[in-house]
Amino acid sequence: VQLQASGGGLVQAGGSLRLSCAVGGNTFSRYHLGWIRQAPGKQREFVAGIRWIGGGPIYSDSVKGRFTISVDSAKDTVYLQMNSLKPEDTAVYYCAADFRGGSHWYRLTEIDYWGQGTLVTVSS
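About the cut-offs
- Residues numbered from 1 in each chain as written.
- Predicted model: local features only at pLDDT ≥ 70, side-chain atom pairs only at ≥ 80, totals over all residues.
- Heavy atoms only, no water.
- Phe/Tyr/Trp six-rings, centres within 6.5 Å; stacked < 30°, edge-to-face > 60°.
- Helix = DSSP H or I, 4+ residues; strand = E, 2+ residues; numbered from the N terminus.
- Buried < 20%, exposed > 50% of the residue type's maximum accessible area, 1.4 Å probe, protein only.
- Salt bridge = Lys/Arg side-chain N within 4 Å of Asp/Glu carboxyl O.
- Polar contact = N/O pair within 3.5 Å; in protein donor to acceptor, adjacent residues only side chain to side chain.
- Contact = heavy atoms within 4.5 Å.
- Pairing = 2+ DSSP bridges.
- Axes fitted to C-alpha atoms, helices over the stretch in contact; angles between N-to-C directions.

(A) Local environment of the packing of aromatic side chains. Scanning the model with the defined rule gives six aromatic pairs in all. With a centroid separation of 4.9 Å and an interplanar angle of 85°, the aromatic rings of Phe28 and Trp52 are classed as edge-to-face. Of the two residues, Phe28 sits in the loop between strand E3 (17-24) and strand E4 (32-38) while Trp52 sits in the loop between strand E5 (44-51) and strand E6 (55-59), which places them 24 residues apart along the sequence. Overall, the relative accessible area of 9% leaves Trp52 in the buried class. Within the aromatic cluster, the residues linked to one another by ring pairs are Tyr31, Phe99 and Tyr113.

Structure follows, in structure tokens:
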């Protein structure tokens, strides 16, 4: 599975940003796709995940109600729509793929595939 994230940038607090992750490979439809972030000086944390087939999005408590993860199967792309951004959302955001998904997203060292990160900076 290949993952290519894009869409990061600088945005003011309260603003919105949409991240994209282009997905490739022969078997990616079997996987759960997700977003994981790492703020400066902090450990990586799960943000959102979704099954490529069947949906069922899940979110961390810190972004629930503000972020939306979605799949466009026609474009082989997973999105993270981020609204009402806060300075504490500043982080490098990574696209990832995991065969198990669900609670396994919190076992970050066991995630199957990682893309490169894209930096999101939220100014106050």
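(B) Molecular detail of the pattern of salt bridges. A full pass over the atoms with the stated rule returns four salt bridges. As a salt-bridge pair, Lys64 and Asp61 come within 3.4 Å of each other at their nearest N and O atoms. With a shortest N-O distance of 2.7 Å, Arg66 and Asp89 are connected by a salt bridge. Of the two residues, Arg66 sits in the loop between E6 and strand E7 (67-72) while Asp89 sits in the loop between strand E8 (77-82) and strand E9 (91-98), which places them 23 residues apart along the sequence. Across the pair, exposure class does not vary: Arg66 and Asp89 are buried alike.

(C) Here's a closer look at the side chain of His32. Mapping His32 onto the fold places it in strand E4. A relative accessible area of 14% places His32 in the buried class. A distance of 3.3 Å separates a polar atom in the side chain of His32 from the backbone oxygen of Arg100. The residues touching His32, leaving out its near neighbours within four places in the chain, are Ile50, Arg51, Ala96, Ala97, Asp98, Phe99, Arg100, Gly101, Gly102 and Trp105.

(D) Fine view of the sheet that holds E7. Pairing within the open sheet is antiparallel, and its four strands lie in the order E1-E3-E8-E7. Strands with a single pairing partner mark the edges of an open sheet, and in this sheet they are strand E1 (2-6) and E7. Taking the axes of each pair of neighbouring strands and ignoring which way they run, one obtains an average angle of 20° across the sheet. Across six bridges, the pairing between E3 and E8 is antiparallel. Bridge pairing in E8 places Ala22 opposite Thr77.

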